[in-house]
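# Fold and contact review
Now for the letters of each chain:
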Amino acid sequence: MSKYDYNIIVIGGGSAGLVSSYIATAIKAKVALIEKHKMGGDCLNTGCVPSKALLRSAKMLSYAKRAKEFGFKKASVEFDFKEVMQRVQDVIKTIEPHDSRERYTNLGVDCIEGEATITSPHSVEVNGKTLTARSIIVATGARPRVPLIPNLDKIDYLTSDNVWDLKALPKKLVILGGGPIGSEMGQAFSRLGAEVTIVEKAPQILKREDENIIKLVTEKFQQEGIKILTHHQARAFKGNTLICEYQGKDVEIKFDKVFVALGRSANVTGFGLEELGVEIRPRGTIEANPFLQTNIPSIYVCGDVTGPYQFTHTAAHQAWYASVNTLFSPLKKFKVDYSVIPWATFTDPEVARVGLNEKEAKKQNILYEVTTYGIDDLDRAIADSEAHGFVKVLTVPGKDKILGVTIAGTHAGDLIAEYILAMKYNIGMNKILGTIHIYPTLAEANKFAAGEWKRAHVPTLAMKLLEKFHAWRR
Ligand SMILES: Cc1cc2nc3c(=O)[nH]c(=O)nc-3n(C[C@H](O)[C@H](O)[C@H](O)COP(=O)(O)OP(=O)(O)OC[C@H]3O[C@@H](n4cnc5c(N)ncnc54)[C@H](O)[C@@H]3O)c2cc1C
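Below is a summary of the structure that appears in this document. What you see is a predicted model, and the numbers here were worked out from it, not measured in a lab. (Residues numbered from 1 in each chain as written. Predicted model: local features only at pLDDT ≥ 70, side-chain atom pairs only at ≥ 80, totals over all residues. Heavy atoms only, no water.)

It is worth spelling out the site of the ligand at this point. Residues in contact with the ligand amount to 37 residues; listed here are only the nearest, Ala16, Glu35, Asp42, Lys52 and Asp304. One of the backbone N or O atoms of Asp42 is found 2.8 Å from an oxygen atom in the ligand. Considered on its own, the ligand offers 1000 Å² of accessible surface; in the complex 93% of this is hidden by protein. At the level of secondary structure, the elements contributing two or more residues to the shell around the ligand comprise helix H1 (15–26), strand E2 (31–35), helix H2 (41–45), helix H3 (48–65) and helix H9 (312–328). (Near = heavy atom within 4 Å. Polar contact = N/O pair within 3.5 Å; in protein donor to acceptor, adjacent residues only side chain to side chain. Areas by Shrake-Rupley, 256 points an atom, 1.4 Å probe, with all protein chains shown as cover. Helix = DSSP H or I, 4+ residues; strand = E, 2+ residues; numbered from the N terminus.)

In structure tokens, the structure reads:
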């Protein structure tokens, strides 16, 4: 007789929970997956998918505005905001089957619709029933952080949870927060025709990026008419006016709608963690060891609820460790490998990162050399009228080992894949240079960056000898 109903009970059917269930079931474990709301979690329903769908529609409009650059006298687009938002929902509907209860049930997962409460280190209550498992994986995700700004609760503010229900385009939209979500949504709404103001208390938007990257995005935003108010701290709301503090003075900003994009809080309360004494970090995420195990040995975590990264691909990456460690520990267990973590901000220009940038290298006192290739010089980018941005590579001084790469420009999130692979498998700049890239593609920018690196590292003595050799041969 089995001691438990399941090997694993997974709580949360977002990216982290889905991938955990998938992996555990694929290796023949018995898994229950409990989701209280929509399968697919934030990514499918309120995050990555709808935001990228909206950005795409907005990009079509931006191309129409640039008609002259492409040789047309003009192009005009008529649209109804409701239909654009309907397209977003249609995109979600099309992707939905990938994350659906049907799909996961067919894979062998017991999918349960309901709110889970952990009642002991090995039991979970859902829909009035108690289920038991050797281990529990908590993958309950995060939600928009809404700070206590006086009178914010009195206005009908937007977050990434409810913005998708908007039926009319706000005329004046204030975005609180100039991070990746605020920047992506700000550009999308601006391109759709809203008057967008981004309010950011830091000196810059996208503040984790290097200065030249921030400059590129900031200038593009300003050129498109987005107002960026940095050093502005939101203090209070008074009707449809936001009061900010700027250099010790109050500044008033009028709006029709406010979008709060001030970070995300992990979902850690109300489902039994407090009662069991599961440790929570000061920043609100669940504490876990490098094996993703909490202080309660049978409870593991993955995804936004534990961080440190809050991306779909890092949730999926952690999910492998959580499910494998859960199933095989203490016989075999693996520390999560965070050595090569990529991400992208899907503004236009896109900003994609892997490994260190200059800001981080300096902070960590890591010596580096920088090689930059300007995409304004790239044949395909010129042909596409997308000749802007750059590939910026940090390498170990005197060596071709890559420490980190930032690409800013069109399709940067796709282009960086080559450098992610290179970093993961310790491939240096010489090998990237020695690889054939198809002409004319944007991907050639990666090779040309390696070419720039090579030019800066030509061995001078060997070159002098070669010069003499060729002179002798003439
Ligand atoms: C606007 C926006 C854009 C984004 N864009 C990107 C992007 O382009 N690329 C990228 O990589 N990431 C992006 N992200 C981040 C990405 O969406 C998250 O990192 C990812 O969804 C995290 O997955 P998760 O499984 O940890 O959590 P979630 O997706 O939040 O899933 C958690 C699930 O747990 C369920 N749950 C919670 N408590 C219980 C309970 N007690 N019982 C049962 N179920 C429960 C919830 O209903 C939810 O479905 C974006 C996020 C936002 C908001």
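Moving on from the coordinates now.
What follows is about the sheet that holds strand E12 (residues 241–246). What links the strands of a sheet is backbone hydrogen bonding, and the strands pair in either a parallel or an antiparallel sense. The strand order E11-E12-E13 describes an open sheet built from three strands, whose pairing is antiparallel. Each edge of the open sheet is held by one strand with a lone partner, namely strand E11 (233–238) and strand E13 (249–254). Within this sheet the neighbouring strands show an average axis-to-axis angle of 30 degrees, counted without direction. Note that E12 and E13 share six bridges and pair antiparallel. Looking at E13, one finds that Tyr246 is bridged to Lys249. (Pairing = 2+ DSSP bridges. Axes fitted to C-alpha atoms, helices over the stretch in contact; angles between N-to-C directions.)

Looking now at helix H4 (residues 81–95). Between its terminal C-alpha atoms H4 stretches 22 Å, which fits the 21 Å expected from 15 residues at 1.5 Å a residue. Among the residues making up H4, those that are buried are Phe81, Val84, Met85, Val88 and Ile92. The buried residues of H4 occupy an angular sector of 100 degrees when projected down its axis, which confines them to one face. Of the exposed residues in H4, those oriented more than 90 degrees away from the buried face are Glu83, Lys93 and Thr94. Against H2, H3 and helix H6 (180–192) lie the buried residues of H4. (Expected span 1.5 Å × (residues − 1). Buried < 20%, exposed > 50% of the residue type's maximum accessible area, 1.4 Å probe, protein only. Arc of directions from axis to C-beta. Contact = heavy atoms within 4.5 Å.)

Put simply, side chains in a regular strand alternate between the two faces of the sheet. Here strand E21 (residues 402–409) lies mainly inside the structure; eight of its eight residues are buried. Taken together, the six bridges between strand E18 (residues 350–355) and E21 define a ladder with antiparallel strand orientation. Following the sheet pairing, Glu350 is matched in E21 by Gly409. Sheet topology note: the strand E20 (residues 390–395)/E21 ladder contains six bridges and is antiparallel. Residue pairing in the sheet places Thr395 in a bridge with Ile402 of E21. Taking the residues between adjacent antiparallel strands as the criterion, E20 and E21 are bridged by six residues, where Gly398 takes a positive phi near 80 degrees.

All chains considered together, the criterion is met by 24 salt bridges. Residue Arg191 pairs with Glu224 through a salt bridge whose shortest N-O separation is 2.6 Å. Of this pair, Arg191 sits in helix H6 while Glu224 is found in the loop between helix H7 (211–223) and strand E10 (227–229), placing the two residues 33 residues apart along the sequence. Owing to a relative accessible area of 7%, Arg191 belongs among the buried residues under this scheme. Residue classification places Glu224 among the partly exposed positions, given a relative accessible area of 24%. Residues Glu211 and Lys359 are paired through a salt bridge, measuring 3.7 Å at the closest nitrogen-oxygen approach. (Salt bridge = Lys/Arg side-chain N within 4 Å of Asp/Glu carboxyl O.)

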